[in-house]
Amino acid sequence: MTNDLPFLTIAEAAERLLRRDLSSRELTQALLDRIAAVDPRVRAYLAVTAQRALEQADAADTHIAARNATPLTGIPVAIKDVLVTRGTPTTCGSRMLEGFISPYDATVVARLQEAGAVVLGKTNMDEFAMGSSTENSAYFPTRNPWDLERVPGGSSGGSAAAVAAGEAIYALGSDTGGSIRQPAALCGVVGMKPTYGRVSRYGLVAFASSLDQVGPFTRTVRDAALVLNAICGHDPLDSTSAPIDVPDFTADLEKGVRGMRIGVPREYLPDTLDQGVRERMTEALKTLEAHGAEIDTDVSLPSTEAALAVYYIIAPSEASANLARYDGVKYGYSYRDGKTMWEDMEKTRGRGFGAEVKRRIIIGTYALSAGYYDAYYLKALKVRTVIRREFDAAFERYDALVAPVTPTPAFKIGEKTADPYAMYLNDVFTLPVNIGGLPGISVPAGFVDGLPVGLQVIGKPFDEATVFRVAHAYEQAHDWYTKRPPL
Amino acid sequence: MEIGRETVLHLARLARIDLTSDEVSTYAAQLSEILGHFDVLQRVDTEDVEPTAHTLALEDVMVEDRARPSLPRDQVLALAPLTEDGYLRVRAVLE
């Protein structure tokens, strides 16, 4: 049975740990063995902290023996390398932060530690979370466990691949325009982006501060709810974390979708949608209807067509300001052979950042520069208001919206690297949710030619409970979440 | 929208990023294409629409003015490439 340990859900593992039928040390060792066996092919991890993980496992076993355990105590987790972790490397997938050791923990990491988590290591990502394939990592690309010639999605591709490949029981990622939901869909796992403000961003290395949100990758919707229970809540260290009560997200999971009104915006089912993805969507709607939901496909969010432009103005603009901190003076890579201070700084940034990061800083600088601010940045903020209003109006009629997560299944490594705009189009169904600040989940929706795709459920602000409820009902109608990649 | 090499060089200077000549050419072509896709924004009527900088209805978040420990100075300075007498050392800004 040891071979099954890496594929346990959080709920299953917690139950066995509490029964003392399994120790955290055994479980952690099983995961470390699995990482050693498959990660040379998948390359989900940038750093594995095995010794520290085993120490945390022993501490967790002590807590469990003392009947002092939470649902996450002793359960091994992988952390996207965009979250700072005290005493271990945080690179953000960038040469700029090669060798950087954070002096503090991100709030989400601290909350998991308090809950007794076992941290296995840090996962690969597109540099500074900019990308949709993990090919923008300065270190190496991560591979999709379902087909090693394909991308796992991004930017949290390492976290998604780790959970899919049985290299972690769950993982944390960050989602600015789809960076949790898109890789979750392409790797066949659950990925949840909470409402903006639900989870503290303290210690999340900033990309686009009005869009970034931390969330989990798990095997089941129930597991995602368990992780949210632990990481959500107001944090005085993040003034944009909402002072709003956090419910038990598992409480309503089993209530089903009978009588729920679910809208399907037509802009998310364009003619250009992959035929296989469309068939999975058709099935998903039938399943939800068969479980008693009222499905309405006569829904329009007309400004959706402008969302990509809004996102690729706002996110690079915020990034160009956030990434100004990498100057070679305080920490990180530092070029020192220039003739002047300015030459040092410009070479530090020219050499420390990769191609996509520089491209976005240039776009953002353009959108914010004199003469273009009104036409691009301010206009994008106004269209953002229109997009949010359309969502708000839809939620007066519907309890939740459903849509595909991605236009296609996973694409080949190298297929889109030469065309930035083609890469940006991967996020066309996920980024409107960040623009609106809404919660969204990707739940496995079956396979297209052997490759997983995802169903997206989008909810009202701070109504993650309904999102979980719909996703759980759909998930439990199938056995896709039990499938394992052929590694 | 055609973006020339001079514009990219100007933006790179504003952003303090040294670009190679090849990068300048590549970004000029890619920016021209990407900005072309942004024209779709003009189709959305935003007359009398207020901008949304972020989606939370929070403003002027206040915190208690209370002293609390900060990160240990030696740990923070240990991350810096150049320090002197407990300070970050930088090269002359004015020459």
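Here the structure is shown first, and the text comes after it.
Please read these numbers as outputs of a predicted model, since none were measured by experiment.

Parameters at a glance
- Residues numbered from 1 in each chain as written.
- Chains lettered and ligands numbered in written order.
- Predicted model: local features only at pLDDT ≥ 70, side-chain atom pairs only at ≥ 80, totals over all residues.
- Heavy atoms only, no water.
- Helix = DSSP H or I, 4+ residues; strand = E, 2+ residues; numbered from the N terminus.
- Buried < 20%, exposed > 50% of the residue type's maximum accessible area, 1.4 Å probe, protein only.
- Contact = heavy atoms within 4.5 Å.
- Patch = residues over 30% accessible without salt bridge, like charges linked within 9 Å, V, L, I, M, F, W, Y side chains within 5 Å.
- Areas by Shrake-Rupley, 256 points an atom, 1.4 Å probe, with all protein chains shown as cover.
- Salt bridge = Lys/Arg side-chain N within 4 Å of Asp/Glu carboxyl O.
- Lys, Arg positive; Asp, Glu negative; His and termini not counted.
- Charge placed at Lys NZ, Arg CZ, Asp CG, Glu CD.
- Core = buried A, V, L, I, M, F, W, Y, C linked by side-chain atoms within 4.5 Å.
- 1 Å grid on protein atoms, 1.4 Å probe; cavity = no way out; pocket = protein on both sides within 12 Å on 5 of 7 lines; lining within 4 Å.
- Points joined across faces, edges and corners; volume = space filled by probe spheres on them.
- Nonpolar A, V, L, I, M, F, W, Y, C, P; charged D, E, K, R; others polar.
- Buried area = accessible area lost by both parts, 1.4 Å probe.
- Polar contact = N/O pair within 3.5 Å; in protein donor to acceptor, adjacent residues only side chain to side chain.

1. Remarks on the environment of Val405 of chain A
Residue and element names in this part refer to chain A.
And then number 1: Structurally, Val405 is set in the loop between strand 9 (400–404) and helix 13 (420–424).
And then number 2: The class for Val405 is buried, based on a relative accessible area of 0%.
And then number 3: Through-space distance from the C-alpha of Val405 to that of Val443 is 9.0 Å; in sequence the pair is 38 residues apart.
And then number 4: Once you skip the residues sitting within four places of it in the chain, Val405 turns out to touch Arg181, Gln182, Ala185, Asn426, Phe429, Thr430, Ser442, Gly454, Leu455 and Gln456.

2. What to know about a negative patch on the surface
And then number 1: Taken together, Asp45, Glu47, Asp48 and Glu50 of chain B make up a surface patch of like negative charges.
And then number 2: Note that Asp48 of chain B resides in the loop between helix 2 (21–37) and helix 3 (73–77).

3. Details of the nonpolar core
And then number 1: If you look at the biggest cluster of nonpolar residues, it comprises 171 residues, and the most contacted ones within it are Leu83, Phe128, Tyr170 and Phe468 of chain A.
And then number 2: Discounting residues that sit within four places of it in the chain, Tyr170 of chain A has contacts with Ile10, Leu72, Ile75, Pro76, Val77, Ala78, Leu112, Ala117, Val163, Phe217, Thr218 and Val227 of chain A.

4. Digging into the layout of surface pockets
Residues and elements named next belong to chain A.
And then number 1: Computed from the structure, the largest pocket encloses a volume of approximately 420 Å³.
And then number 2: If you go around the largest pocket, you meet 22 residues; those closest to its centre are Tyr104, Leu204, Val205, Ala206 and Arg325.
And then number 3: Each residue belonging to the lining of the largest pocket can be placed in one class, and the counts come to 15 nonpolar, four polar and three charged.
And then number 4: Roughly 330 Å³ of volume is contained in the second largest pocket.
And then number 5: Of the residues belonging to the lining of the second largest pocket, the class tally is eleven nonpolar, three polar and two charged.

5. Examining the interface of chain B and chain A
How big an interface is tends to be reported as the loss of accessible area on association of its parts.
And then number 1: Each partner contributes to the interface: chain B provides 51 residues, whereas chain A provides 70 residues.
And then number 2: When the buried area of chain B at its contact with chain A is split by residue, Arg16, Leu41 and Arg91 of chain B rank highest and sum to 13% of it.
And then number 3: Taken together, chain B and chain A are joined by 21 residue pairs in polar contact (both at pLDDT 80 or more).
And then number 4: For the side of chain B that touches chain A, the secondary-structure elements that each account for two or more residues are helix 1 (5–14) and helix 2 of chain B.
And then number 5: Looking at which element gives the most residues to the side of chain B that touches chain A, the answer is helix 2 of chain B, with eight residues.

6. Some remarks on the side chain of Glu390 of chain A
Residue and element names in this part refer to chain A.
And then number 1: Among the secondary structure elements, Glu390 is positioned in helix 12 (residues 373–397).
And then number 2: The buried charged residue Glu390 lacks any salt bridge, with Arg389 as its nearest oppositely charged partner at 9.4 Å.
And then number 3: At 2.7 Å, the side chain of Glu390 forms a polar contact with the side chain of Ser303.
And then number 4: Excluding residues that lie within four positions of it along the chain, Glu390 makes contacts with Leu301, Pro302, Ser303 and Thr304.

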